[in-house]
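Listed here are the chains, written in short residue letters.
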Amino acid sequence: MINAWKRAAALGAATVALAAGAVVGTVGTASAAPQHHPRPGASHHCVKVPGHWVRVWHPAYRDRQDRHHHSRAGHWTRVWRPAHRECHR
């Protein structure tokens, strides 16, 4: 009986030690990973784009709510895009 208690205590201590080692190893690896920190001003290129019209294609589809299942042809529409900033690295 005493050997069973000793074995259980040793197994529990080994489990705790392995878990703690895994956590410490993960934290050490994550902190050693290279971090990307862009230089201020040099890495971003932003342009203010004025508002403009864009042509958008709407593909063909079948109207399922109609009793005769009509096919609707695809078509182009014009959509207004307001002024915005586009940034590229």
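Let me begin by describing the structure that accompanies this report. Along each chain, numbering runs from 1 in the same order as the chain's sequence is written. Totals for whole chains, interfaces and linings use all residues, but because this is a predicted model, local features are given only for residues with pLDDT of at least 70 and pairs of side-chain atoms are given and counted only at 80 or more. Based on all heavy atoms of the structure, the side-chain values leave hydrogens and waters out of the count.

Overview of the overall build of the chain
Heads up, the condition is: Helical segments are the DSSP runs of H or I of at least four residues, strand segments are the runs of E of at least two, and each set is numbered from the N terminus. Relative accessible area decides the class of each residue, using a 1.4 Å probe on protein chains only: under 20% of the type maximum gives buried, over 50% gives exposed, and in between gives partly exposed. Working rule for contacts: check all heavy atoms of both residues, and any pair within 4.5 Å makes them a contact. Values of accessible area rely on a 1.4 Å probe in the Shrake-Rupley scheme; residue burial ignores everything except the protein chains shown.
Tallying secondary structure elements over the chain gives one helix and six strands in all. Reading the chain from its N terminus to its C terminus gives the helix and strand order α-β-β-β-β-β-β. Buried residues in the chain amount to 2% of all 89 residues. Long-range contacts, defined here as pairs at least 24 residues apart, represent 55% of the contacts in the chain between residues at least 6 apart. On the chain, roughly 8200 Å² of surface is accessible, and the fraction owed to carbon and sulfur atoms is 63%.

Considerations on the side chain of His84
Stated formally: Polar contacts, as used here, are pairs of N or O atoms within 3.5 Å; protein pairs need one atom able to donate a hydrogen and one able to accept it. Residues neighboring in sequence count only if both atoms are side-chain atoms.
Within the secondary structure layout, His84 lies in strand 6 (residues 84-88). At a separation of 3.0 Å, a polar atom in the side chain of His84 contacts the main-chain carbonyl oxygen of Pro82. In terms of polar contacts, His84 uses its side chain to reach the side chain of Glu86, at 3.2 Å. Sequence-distant contacts of His84, defined by excluding residues within four places in its chain, comprise Val47, Lys48, Val49 and His52.

Observations concerning the packing of aromatic side chains
As a reminder of what qualifies: For Phe, Tyr and Trp, rings pair up if their centres lie within 6.5 Å, where Trp contributes its six-membered ring, and each pair is then called stacked (planes under 30 degrees apart), edge-to-face (over 60) or tilted (otherwise). The rule is short: NZ of Lys or CZ of Arg within 6 Å of the ring centre and within 35 degrees of the ring normal puts a charge over the ring.
Applying the stated criterion across every chain yields a total of two aromatic pairs. Between the aromatic rings of Trp53 and Trp80, the centroid separation amounts to 5.4 Å while the plane-to-plane angle is 70°, which identifies the pairing as edge-to-face. Of this pair, Trp53 sits in strand 2 (residues 52-58) while Trp80 sits in strand 5 (residues 75-81), placing them 27 residues apart in sequence. The ring centre of Trp76 lies 4.5 Å from the NZ or CZ of Arg55, which sits over that ring.

Regarding the environment of Gly51
Its location among the elements puts Gly51 in the loop between strand 1 (45-49) and strand 2. Linking Gly51 and Trp80, residues 29 residues apart in sequence, is a C-alpha distance of 7.2 Å. Those residues in contact with Gly51 that sit more than four places away from it in its chain are Trp80, Arg81, Pro82 and Ala83.

Here we look at the environment of Pro82
Relative to the helices and strands, Pro82 resides in the loop between strand 5 and strand 6. Expressed as a C-alpha distance, the spacing of Pro82 and Pro50, which sit 32 residues apart in the sequence, is 7.0 Å.

Comments concerning the state of the cysteines
Note the cut-off: Cysteine sulfurs are considered disulfide-paired once they come within 2.5 Å of each other.
Tallied over the full model, the rule gives one disulfide. Each sulfur in the disulfide pair Cys46 and Cys87 lies 2.1 Å from the other. Disulfide Cys46-Cys87: the torsion about the S-S bond is 110°, which places it as right-handed. Taken together, the positions of Cys46 in strand 1 and Cys87 in strand 6 put the pair 41 residues apart, joining distant regions of the chain.

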